[in-house]
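Descriptive analysis of the structure
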Amino acid sequence: MSKEKCAVIGSGSWGTALASLLADRGFSTKVWGIERHVLEEINRQHTNAHYLPGIVLPDRLIAVEQIEEALDGVDLVVLSVPSQAVRENVRRIGGLLKRDAIIVNTGKGFELASHKRLSEVIREELPSPLRRRVAVLSGPSHAEEVARKMLTAIVVAAEDEAVTDRVQDMFMTDYFRVYANRDIIGVEICAALKNIIALCVGMIDGLGFGDNTRAAVMTRGITEIARLGDVMGACTATFFGLAGVGDLIVTCTSKHSRNYRAGFALGQGKSLETVLSSMGMVVEGVSATKIAAELALEYGVELPIIQSCHGVLFEGMDPHDAAKALMAREKRMESDFHCKTD
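Below, the structure is looked at part by part.

So, how was this worked out
- Residues numbered from 1 in each chain as written.
- Predicted model: local features only at pLDDT ≥ 70, side-chain atom pairs only at ≥ 80, totals over all residues.
- Heavy atoms only, no water.
- Helix = DSSP H or I, 4+ residues; strand = E, 2+ residues; numbered from the N terminus.
- Rg over C-alpha atoms; globule rule 2.2 N^0.38 Å.
- Buried < 20%, exposed > 50% of the residue type's maximum accessible area, 1.4 Å probe, protein only.
- Contact = heavy atoms within 4.5 Å.
- Areas by Shrake-Rupley, 256 points an atom, 1.4 Å probe, with all protein chains shown as cover.
- Lys, Arg positive; Asp, Glu negative; His and termini not counted.
- Charge placed at Lys NZ, Arg CZ, Asp CG, Glu CD.
- Expected span 1.5 Å × (residues − 1).
- Salt bridge = Lys/Arg side-chain N within 4 Å of Asp/Glu carboxyl O.
- Pairing = 2+ DSSP bridges.
- Axes fitted to C-alpha atoms, helices over the stretch in contact; angles between N-to-C directions.
- Parallel < 35°, antiparallel > 145°, perpendicular 65-115°, else oblique.
- Nonpolar A, V, L, I, M, F, W, Y, C, P; charged D, E, K, R; others polar.
- Left-handed = near helix turned anticlockwise from the far one by under 90°.
- Right-handed = clockwise from strand over helix to strand, strands pointing away.

Brief notes about the overall build of the protein
Of the regular secondary structure elements, the protein holds 15 helices and eight strands. Here the C-alpha atoms of the protein give a radius of gyration of 20 Å, agreeing with the 20 Å that 2.2 N^0.38 yields for 342 residues. Its C-alpha atoms give the protein principal-axis dimensions of roughly 60 × 45 × 35 Å. Counting all 342 residues of the protein, 56% fall into the buried class. The contacts of the protein with a sequence gap of at least 6 include a subset with a gap of at least 24, amounting to 71%. As displayed, the protein offers around 15,200 Å² of accessible surface, 51% of which is attributable to carbon and sulfur atoms. Once the 38 positive and 44 negative side-chain charges of the protein are each reduced to a mean point, those two points are 3 Å apart.

A word on helix α8 (residues 184-207)
Helix length check: α8, at 24 residues, gives a terminal C-alpha distance of 35 Å against a target of 34 Å (1.5 Å per residue), a fit within 8%. Of all 24 residues making up α8, 22 are buried, and the element is well covered by its neighbours. Immediately beyond the C-terminal end of α8, within one or two residues, lies Gly208, with a positive phi of roughly 95°.

Remarks on the pattern of salt bridges
Inspection of the entire model under this criterion finds 22 salt bridges. Measuring nitrogen to oxygen at the nearest pair gives 3.2 Å for the salt bridge that ties Glu125 to Arg91. Of the two residues, Glu125 is situated in helix α5 (residues 118-125) and Arg91 in helix α4 (residues 86-93); the sequence distance between them amounts to 34 residues. A residue is classified by how much of its surface remains accessible, and Arg91, at 56% relative accessible area, is exposed. For Lys108, the salt bridge is made with Asp247, and the minimal N-O distance between the two is 2.8 Å. Note that Lys108 is positioned in the loop between β5 (102-105) and α5 and Asp247 in helix α10 (residues 242-253), a separation of 139 residues in sequence. Looking at Lys108, the relative accessible area reads 15%, which means it is buried.

Side note on the sheet that holds β5
Taken together, the eight strands give an open sheet; going across it, the order is β3-β2-β1-β4-β5-β6-β7-β8, and neighbouring strands pair in mixed fashion. Looking at the sheet topology across the chains shown, the edges are occupied by β3 (62-64) and β8 (176-181). Strand-to-strand twist of the sheet, defined as the mean angle between neighbouring strand axes without regard to direction, takes the value 25°. Of the pairings in the sheet, the one linking strand β1 (residues 5-9) to strand β4 (residues 76-79) comprises four bridges and is parallel in character. Looking at the pairing, Ala7 lines up with Val77 of β4.

Comments concerning the packing of α8 against helix α13 (residues 284-299)
Running from N to C, α8 and α13 point in directions that differ by 110°, and their axes come no closer than 8 Å. On the basis of their axis angle, the class for α8 and α13 is roughly perpendicular. On α13, the residues touching Ala192, Leu193, Asn195, Ile196 and Leu199 of α8 are Glu284, Gly285, Val286, Ala288, Thr289 and Ala292. The residue inventory of the contact of α8 with α13, partitioned by class, reads seven nonpolar, three polar and one charged.

Let's talk about the packing of helix α14 (residues 304-314) against helix α15 (residues 319-327)
Helix packing for two helices is described by the angle between their axes and how far apart those axes are. Axis separation between α14 and α15 bottoms out at 9 Å; the angle between their running directions is 160°. On the basis of the axis angle, α14 is roughly antiparallel to α15. Crossing geometry of α14 relative to α15 is assigned as right-handed. Every residue of α15 that contacts α14 at Pro304, Ile305, Ser308 and Val312 is listed here: Pro319, Ala322 and Leu326. Split by residue class, the contact of α14 with α15 holds six nonpolar, one polar and no charged.

Some thoughts on the pairing of β1
Counting buried residues in β1 gives four out of five residues, a clear majority hidden from the surface. Where β1 lies against strand β2 (residues 28-32), five bridges are found, and the strand directions are parallel. Residue pairing for β2: Cys6 is matched across the bridge by Thr29. Since β1 and β2 lie parallel, the crossover through helix α1 (residues 13-24) that links them has a hand, and here it is right-handed.

Re unusual backbone geometry
With a phi close to 55°, His46 is a non-glycine residue in the positive phi region. If you check the backbone angles, Lys149 has positive phi at about 60° while not being a glycine. When you line up the elements, Lys149 lands in the loop between α6 (143-147) and β7 (152-158).

The analysis is restricted to geometry; functional conclusions fall outside its scope.
See the structure below:
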């Protein structure tokens with residue numbers, strides 16, 4: 001077994017899948033979470049049936065109830081918790097980490113209270129020596145498929161190239177390929193906003209529209225994501241890579257996507273409260289929609305699909321009426337980025 005030690009904070013589907021991968025890589029890996037019965041199941045049965053049904057976890061993966069035990073001497077810590085729980089968890093762990101540890105965040109969203117990206121939240125709560133040791137892991141990667149060792153390509157972004165290099169070294173396997181990206185802003189914006197578009201695609205399918213409609217929403221959706229990202233300082237190319245188009249495709253078209261399933265139920269006429277209570281896991285696109293609509297006003301950018309989703313979720317708008325209103329908008333050019341012509 002490798003000498004490096006890893007900890008995963010969060011024992012849900014993605015946290016458990018990544019903990020399993022790291023343990024299989026030979027790293028001493030411990031996972032911590034708030035659900036005691038899940039931790040006990042991981043240790044006793046080497047399964048996490050609720051979050052990853054049918055998956056057998058490595059014997060060497062250890063679940064612990066005390067966060068201090070999980071973090072003792074770790075070289076890498078993976079944060080796999082809901083976006084609104086990131087700050088409180090980093091507050092707990094910041095003082096327990098070595099000054100050369102790497103912190104990898106896998107959450108996708110913004111903080112509701114501050115509208116900040118999650119890496120910004122994490123840095124605020126870390127001791128100064130660790131602030132450049134923060135990385136973001138994102139891309140088209142359903143936990144269920146990674147746990148089954150299906151071929152997956154993903155992106156790690158960080159300000160420090162040495163950090164992205166180390167994360168690549170630790171995570172890459174013959175089924176899990178990690179690309180490096182220095183555009184942490186763009187990767188995080190993609191991660192948060194693609195969930196909103198998945199909600200919208202789910203609604204479209206729930207309403208009974210077809211492939212044409214789905215393709216239109218996805219394509220115009222990535223344009224809106226790029227439009228907001230541009231004014232927030234992201235690199236345009238990021239939106240057309242794995243973190244952008246790649247993650248959008250998988251989130252909008254897969255049975256594994258919570259956001260798509262929630263949107264589908266909304267399109268069928270169910271209330272948001274009913275949908276969320278039935279999901280059993282956080283639907284990040286809901287909080288992301290609220291924040292994105294507020295960011296659109298703050299930055300003065302037009303995000304019609306995202307703003308229509310806000311209307312459905314929070315203003316009582318009927319999904320069918322929202323779709324029709326989008327089609328009735330004034331004509332415009334397809335792209336915000338114009339090519340040179342003769």
